[in-house]
Every structure is written in structure tokens, then in C-alpha cells.
Amino acid sequence: METLIPFAVALAAITVASLRYRLPPFLTLVGASVLFGFLAGMPAETIVTAITGGAGRIFSILAIVIFCGVGIAQVLRETGRITEIVADIRGLVRRPLATAGAAGYLLSVPLMCGITSFVILAPIVTHLRTDKQASKTLLYCAGIAGMISYVLLYPAPVVYSTVTTLGLFSGEPWEIDLVALPLSLLLLAGLLLALRARTPPAEPSEETPAGGRHLRAWLPFLVIVLALALGSLVPPLSALANINLALLAGLFAALATVLGDVREKALTRGTKNAGIIIFDLAGAGAFGGVIAASTFPADVTALVMGYLPITLLPFVIAALVQAAQGSRVVTAAVTATILTTIPAVAAIDPLALVLMVSAGAFMFSYVSDPFFWLLKRTTGDDFSGVVRNYTLPLSAAGLVTLAAALVIQAVP
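Residues numbered from 1 in each chain as written. Predicted model: local features only at pLDDT ≥ 70, side-chain atom pairs only at ≥ 80, totals over all residues. Heavy atoms only, no water.

Visitor: Looking at this structure, I do not really get the overall build of the chain. What am I missing?
Guide: What the chain contains, in helices and strands, is 19 helices and zero strands. In the chain, of all internal contacts separated by at least 6 residues, the share reaching a separation of at least 24 is 79%. Of the roughly 17500 Å² of accessible surface on the chain, a fraction of 69% belongs to carbon and sulfur atoms. Here the chain contributes 23 positive and 20 negative side-chain charges, whose respective centroids are spaced 10 Å apart. (Helix = DSSP H or I, 4+ residues; strand = E, 2+ residues; numbered from the N terminus. Contact = heavy atoms within 4.5 Å. Areas by Shrake-Rupley, 256 points an atom, 1.4 Å probe, with all protein chains shown as cover. Lys, Arg positive; Asp, Glu negative; His and termini not counted. Charge placed at Lys NZ, Arg CZ, Asp CG, Glu CD.)

And the structure:
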């Protein structure tokens with residue numbers, strides 16, 4: 001249990017540093033990583049290795065994605081093409097909230113990353129409404145909707161990690177979606193209803209459709225979709241299915257359609273913005289890396305097994321691991337690995353087991369979650385605002401998912 005108190009102290013330190021002293025996330029999270037490591041009795045060499053390894057893991061996963069997504073967005077901003085995209089969307093859809101939610105939900109699975117889909121959608125979503133508060137609500141809607149499908153649906157990485165590590169649903173993993181798909185749609189509908197009550201009505205000018213189609217503005221996204229489709233359908237071009245290569249192709253397509261001075265300005269500003277975002281995310285990766293290198297997972301398992309029934313064990317372990325290190329895929333993989341060492345888990349219904357792990361991955365998406373900091377920077381919200389508008393709604397989704405898992409477990 002020697003890591004549980006240091007973990008609580010580290011979370012408190014992050015909160016105070018962020019709220020009171022307004023330190024940047026990277027500095028706060030790396031500092032908290034060092035604090036946790038020393039309080040947990042880890043050797044200095046192990047702490048440093050875990051920090052650099054955790055930050056490097058996030059960089060390797062998201063650096064190209066973030067740079068390309070931000071670069072495309074900056075090109076669209078510099079050329080005024082975001083206005084064209086928004087005009088096209090308004091010509092088809094009169095409900096921006098539903099558009100943001102549906103787009104986030106649908107994009108995160110094929111892109112295999114809720115953060116990637118959000119980075120692509122954010123510059124468009126923010127221009128669907130001119131009112132600042134309404135625009136912020138749309139960003140939260142797109143982000144949470146993307147996480148709902150990313151955490152619940154197969155073959156997204158969260159469920160995939162759980163299924164493969166535990167060896168569940170051999171040969172028929174798609175049957176998970178027979179329950180997960182309607183459950184995710186129910187959560188999406190609940191999200192839209194909840195946010196609709198908080199979104200001020202649109203001005204008449206915001207509801208007026210605009211005619212015409214601006215294909216040049218959509219070119220980067222068309223190139224990305226084409227690359228992913230070719231990579232998936234044509235075996236010799238399978239490398240194009242890699243999201244990093246697809247986004248690079250989209251960025252080059254965007255840059256090829258603008259003049260040299262616009263290109264230089266867009267890349268200069270985009271690189272600056274992308275660098276800030278990547279450092280924030282790498283800080284969360286550093287904190288998660290130190291947590292994962294400690295005895296925290298083992299301490300959590302020992303604590304839970306002594307006080308809770310076996311049916312709740314997967315959920316509680318996943319929730320605590322998620323709070324500790326932030327990555328939902330890591331949560332699924334670590335939780336499933338821990339569960340393989342507990343024979344009693346075999347008594348849990350396989351579908352209920354998968355949903356319990358996913359439910360835990362929804363919980364406590366707080367300072368160790370890279371997406372928390374991305375939302376904070378994108379929305380411009382304060383610390384408590386992100387907790388209220390992101391952490392709590394995702395935790396509510398986790399509790400609903402847990403309830404569904406317990407019902408499945410209870411039904412013979």
C-alpha cells in the first residue's frame with residue numbers, strides 16, 4: 001500500500017500547482033512525477049527512466065498526429081477555408097450540437113484515436129457557432145462523443161486490448177458490439193440531451209444555410225480518407241492505413257494548395273501551437289510512466305481484493321489505473337494483465353468483464369489524462385471547468401456502463 005498515499009499527494013500537488021500557481025502542465029506533471037517517485041521510494045535512476053520513457057511513448061504515438069492535425073487547421077485558418085467548410089456544413093445540417101457529437105463519435109473508431117479525431121474536428125467545430133460559450137460546448141461534445149465510441153466499440157484499441165489480453169470471444173469478437181453499440185448510442189443521446197439544455201439558441205444568421213461546395217477546403221480531409229481507404233482495401237498499399245502517414249498526406253495536400261508566404265506563416269504558427277500541445281501531453285505520459293513503473297497496480301489489486309466482491313474487481317482496478325496513468329489503452333492492457341493472475345475472474349461473464357474494464361477506463365479522467373490538458377488548452381476553460389465538463393460526464397458514462405455490465409452478469 002506504500003504507493004497509494006504518494007499518489008494522493010501527487011494529485012493534490014498537481015491541482016494546487018495548476019489552480020493556485022498556474023504552472024504549465026508539462027512542468028507540473030513532470031514535477032509531480034518526481035515527487036511521487038521519491039515518496040514511493042523509487043530509485044532516482046528508475047524515476048528518470050520512467051519519466052523519459054512515458055513522455056517518449058506519448059511523443060511517439062501522438063507527435064505526428066498532433067503536428068499534422070494542427071498544421072492542417074492552421075492552413076485552413078490562414079486561408080479562410082474554415083469559413084468555407086462551416087458554410088458547407090451549415091448548408092447540410094441545422095443542428096451544430098448533433099453534428100459535433102456525431103462527427104466525434106464516428107471518427108474516433110476508424111482513426112483508432114479519440115484525440116486524433118478531436119484534433120481534426122476542433123477547428124471546424126469551433127466555427128459552427130459564433131457564441132463563445134456555445135462553441136466551447138461543441139468542443140466538449142465532440143471530445144466526449146469520440147471517447148464514448150473509442151472506449152466501448154470493437155475493434156477500437158481499448159476493447160481490443162482487453163479482449164486479446166484476456167483471450168475472450170475467440171473468433172467472434174464482433175458480438176461485443178451487439179451490446180456495446182446500442183449502449184454507446186444511448187450514452188451519446190444522453191450527452192446531446194444534457195448539452196442541449198446548456199447551449200444557448202443559435203442566432204438566425206447562424207442557422208442560415210450557405211450554398212455551394214468548397215472542395216479545395218475539404219481536400220486535406222479527402223486525402224486522409226482516401227489514404228486510409230486505399231491502405232485498408234489494397235494490400236500493396238497497406239502502409240497508407242497508418243494514421244500517421246495518412247495525416248502527413250493530408251498536411252502536404254493542404255500545403256500544396258497555398259502560396260509560399262501563407263505556407264510559411266501557417267507552419268510557423270502551427271509548429272508553435274503543436275509544440276505546446278505535445279509538451280502538455282508528454283507531461284501526462286511522464287506522470288503515467290512513473291506510476292506504471294511503481295508498485296501502484298499491485299497495491300491497488302491487494303487493496304481491492306480484500307474488500308470488494310469479485311464482480312466489481314475489474315471495474316475498480318481499471319478505474320484506479322486510469323486515474324493513475326491516464327491512457328485508456330494502457331488502462332485496458334494493465335487491468336487485463338492483472339486479471340489474468342486472478343482465477344476467480346473466470347466466473348464473470350465475458351461481455352460483462354469487457355464492459356467493466358471499459359467502464360473503469362471512463363472513470364477519473366483527470367490530470368494524468370493527456371486529453372484533459374488538450375481540452376483545457378483548446379477550450380480555454382479553467383481547471384475546474386474541464387473537470388465539470390469533461391471528467392464528470394465521462395465518469396457518469398462509466399457508471400452507466402458499469403450498471404449495464406452488472407445487469408448482464410446478473411441475467412443467466
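Visitor: How should the environment of Pro 96 be read in this particular structure?
Guide: Along the chain, Pro 96 turns up in helix 5 (residues 96–108). The exposure class of Pro 96 is buried, given its relative accessible area of 19%. Between the C-alpha atoms of Pro 96 and Ala 17, which are 79 residues apart in sequence, the distance is 36 Å. (Buried < 20%, exposed > 50% of the residue type's maximum accessible area, 1.4 Å probe, protein only.)

Visitor: Even after reading the chapter, I still don't get the side chain of Ser 294, so can you show me in this structure?
Guide: Counting through the fold element by element, Ser 294 comes out in the loop between helix 13 (260–293) and helix 14 (296–307). A polar side-chain atom of Ser 294 sits 2.6 Å from the main-chain carbonyl oxygen of Ile 291. Those residues in contact with Ser 294, other than ones at most four positions away along the chain, are Thr 3, Phe 36 and Met 42. (Polar contact = N/O pair within 3.5 Å; in protein donor to acceptor, adjacent residues only side chain to side chain.)

Visitor: Would you mind going over the confidence of the model for the chain with me for this structure?
Guide: Parts of the model with low pLDDT should not have their predicted coordinates read in detail. Taken residue by residue, the chain gives an average pLDDT of 84. The fraction at 70 or more is 93%. Within the chain, helix 17 (residues 350–362) carries the highest mean pLDDT (95), whereas helix 10 (residues 204–207) carries the lowest (50). Here residues 207–211 is modelled with pLDDT under 50, and outside its nearest four sequence neighbours on either side it reaches nine contacts, counting other chains as well. (pLDDT = per-residue confidence, 0-100.)

Visitor: Just checking my understanding: could you explain empty space enclosed by the protein for this structure?
Guide: Empty space among the atoms becomes apparent when a probe as large as a water molecule is rolled across them. As enumerated under the stated definition, the model contains two cavities of 30 Å³ or more in all. Taken as a whole, the second largest cavity encloses approximately 30 Å³ of empty space. What lines the second largest cavity is simply Gly 69, Ile 72, Ala 73, Leu 76, Ile 120, Pro 123 and Phe 221. Secondary-structure elements contributing two or more residues to the lining of the second largest cavity are helix 3 (44–79) and helix 6 (114–125). With four residues, helix 3 is the largest single contributor of residues to the lining of the second largest cavity. For the lining of the second largest cavity, the residue count by class is six nonpolar, one polar and no charged. (1 Å grid on protein atoms, 1.4 Å probe; cavity = no way out; pocket = protein on both sides within 12 Å on 5 of 7 lines; lining within 4 Å. Points joined across faces, edges and corners; volume = space filled by probe spheres on them. Nonpolar A, V, L, I, M, F, W, Y, C, P; charged D, E, K, R; others polar.)

Visitor: Could you clarify how one ought to interpret the environment of Ala 180 in this entry?
Guide: Secondary-structure assignment places Ala 180 in helix 9 (residues 177–196). Overall, the relative accessible area of 0% leaves Ala 180 in the buried class. Sequence separation of Ala 180 and Ala 229 is 49 residues, and the distance between their C-alpha atoms is 25 Å. Excluding residues within four positions of it along the chain, Ala 180 makes contact with Leu 152 and Leu 153.

Visitor: When you look at unusual backbone geometry in this model, what are you seeing that I'm missing?
Guide: Leave glycine aside and you will find that most residues have negative phi; peptide bonds, for their part, are mostly trans. With a phi angle near 55 degrees, Phe 364 is a residue other than glycine that sits in the positive phi range. Mapped onto the elements, Phe 364 comes out in the loop between helix 17 and helix 18 (370–379). Looking at Phe 364, the relative accessible area reads 39%, which means it is partly exposed.

Visitor: Just checking my understanding: could you explain a nonpolar patch on the surface for this structure?
Guide: Taken together, Ile 5, Val 9, Leu 35 and Leu 39 make up a surface patch of nonpolar side chains, about 350 Å² in accessible area. When residues of the nonpolar patch are traced back to their parent elements, those giving at least two are helix 1 (4–19) and helix 2 (25–39). Note on placement: Leu 35 falls in helix 2. (Patch = residues over 30% accessible without salt bridge, like charges linked within 9 Å, V, L, I, M, F, W, Y side chains within 5 Å. Salt bridge = Lys/Arg side-chain N within 4 Å of Asp/Glu carboxyl O.)

Visitor: Sorry, what's going on with the pattern of salt bridges here?
Guide: A side chain with one charge may pair with a side chain of the opposite charge, provided their charged atoms come close. In the structure shown here, the tally under the stated rule is three salt bridges. We note a salt bridge from Arg 269 to Glu 78, for which the minimum N-O separation is 2.9 Å. Here Arg 269, found in helix 13, pairs with Glu 78, found in helix 3; they are 191 residues apart in sequence, far enough to count as distant. For Arg 269, a relative accessible area of 43% gives the class partly exposed. Residue classification places Glu 78 among the partly exposed residues on the basis of a relative accessible area of 24%.

Visitor: Mind showing me how you'd approach helix 18 here?
Guide: In an α-helix, one full turn covers 3.6 residues, which means residues spaced three or four apart are oriented alike. Helix 18 sits mainly inside the fold: seven of its ten residues count as buried. By the N-cap criterion, in which a side-chain oxygen at the helix start approaches the backbone nitrogen of a residue two or three places on, helix 18 is capped by Asp 369, the distance to Phe 371 being 3.0 Å. A positive phi of about 75 degrees marks Gly 380, the residue just after helix 18.

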